[in-house]
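Structure at a glance
Chain residues, written in single-letter form:
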Amino acid sequence: MSTRTERIQEVLRGFRTASPDIIGASVVSIEGFVIASVLPSEIDEELVSGMAAAMLGVGERISSELMGSIMEQTYVRSEKGYVVLNAVGNDAVLVLLTSKDAKLGLIFIELRRRCAELVKII
Amino acid sequence: MPSLQIETQGCRACTLCVDVCPTQVFDMDPQKQVAQASRPDDCVGCCSCEYICPSRCVAVAGTERQLPFHRLDEASRLVSRFLQQQPSHAQVSASDVDWALGDVRTRLRALGESATETMGRGLKVVGRTAGTLAAAHLPDLYENSSLDSVLNKLKLRFAGSFPFEFQIADKSVAFSFSNCAIQQIVQEGQSQLGSDSLCVLFHEYWAGLVGEYCKNKFAVEPNEKQGPCSFSITAKLVNQRD
């Protein structure tokens, strides 16, 4: 019987096998603690988790103030790729790093499917 | 030889660099009301001015920083004793202090409100990150080997502003603060102690600060039964990297 963290880790590994454009993935609590991650070693996961939780907070504020609705997703595009943040239930957020060539449509489908899995585990 | 650079446009004439410099390199320019390095050749490169400047307008170059000497309380006390003189803030009256404290309280309240307004649920991370970064300002605490000694030193260090009692359990520490510097600000603002944004920021700040010295991650849990100024920090398991 695998632990909860192992099951989350398994879902995150699935991202990487699903698309070569997905560089890394991490599940972070709303307080900014890393729950599980499959990030490249050069990335500081503590830093990513803190920034992700802060960005989720800002995203939620923007969404509620400007759109009057709940935030579903936030993403940042840079020259090298995308950072996608997706809420996982009420207490966690999924951070996905992709290359610049990633097909976002496919990524979003994968994201939705795996987020549903994560919600059940968390 | 150390060299000094002052960005005069950002100087707010607080005179802290004038007060802190152990070799009296700085003076205030009476016309422009900014700090000036009148005796730059006397600079010993201790970097106290660079560290203390709230506007980050002073830069010291040409000095090798091996130890954060300027950040050690003990070192600061030794320097004051060596100088045997009263700093300029000795002339500040009690009403000046009250006025300044009132100003600080107003700014802190506004800061807390704006952080909540902007960050939403991300507020906690801001507080904890601030605590983690603040640890470097008290470097002597890194030398303590146990959680108990870190907390005892913090207790001594913050006795005047954030007096607290603590109790260490298995993986957590329970804190109980009394008459802390934030309490009055929150009460003046007629806000709820414990749940006000400044309280939340401070609780997380504390978890970040203690966590940094103990090389652990702590999550904050309120101890509602013991009052709004009591909370626990619980060690989180460090995630295994894939």
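Our subject is the structure listed above.
Summarised in this report is the structure supplied together with it.

**Comments concerning the sheet that holds strand E7 (residues 217-222) of chain B**
Residues and elements named next belong to chain B. Ordered in space as E5-E6-E8-E7, the four strands form an open sheet in which the pairing is antiparallel. Of all strands in the sheet, those with a lone pairing partner are strand E5 (164-168) and E7, marking the two edges. Sheet twist, expressed as the mean angle between neighbouring strand axes with direction ignored, is 25°. Alignment of E5 against strand E6 (residues 172-177), held across five bridges, turns out to be antiparallel. Following the sheet pairing, Phe 164 is matched in E6 by Phe 177. Sitting on the sheet, helix H8 (residues 197-214) touches E5, E6, E7 and strand E8 (230-236), and the angle it makes with E7 is about 150°.

**Details of the interface of chain B and chain A**
In this complex, chain B contributes 18 residues to the contact, which on the side of chain A involves 28 residues. Together, the buried faces of chain B and chain A total about 1,800 Å²; carbon and sulfur atoms form 46% of this surface. Along the contact surface separating chain B from chain A lie three salt bridges. Here Lys 217 of chain B and Glu 46 of chain A are joined by a salt bridge, their closest N and O atoms 3.8 Å apart. Where chain B touches chain A, the interface holds four residue pairs in polar contact (both at pLDDT 80 or more). Going through the elements one at a time, helix H4 (94-119), helix H5 (123-134) and E7 of chain B are the ones with two or more residues in the side of chain B that touches chain A. Examining the composition of the side of chain B that touches chain A, we find that four residues originate from one element, H4 of chain B, more than from any other.

About the thresholds
Residues numbered from 1 in each chain as written. Chains lettered and ligands numbered in written order. Predicted model: local features only at pLDDT ≥ 70, side-chain atom pairs only at ≥ 80, totals over all residues. Heavy atoms only, no water. Pairing = 2+ DSSP bridges. Helix = DSSP H or I, 4+ residues; strand = E, 2+ residues; numbered from the N terminus. Axes fitted to C-alpha atoms, helices over the stretch in contact; angles between N-to-C directions. Contact = heavy atoms within 4.5 Å. Buried area = accessible area lost by both parts, 1.4 Å probe. Salt bridge = Lys/Arg side-chain N within 4 Å of Asp/Glu carboxyl O. Polar contact = N/O pair within 3.5 Å; in protein donor to acceptor, adjacent residues only side chain to side chain.

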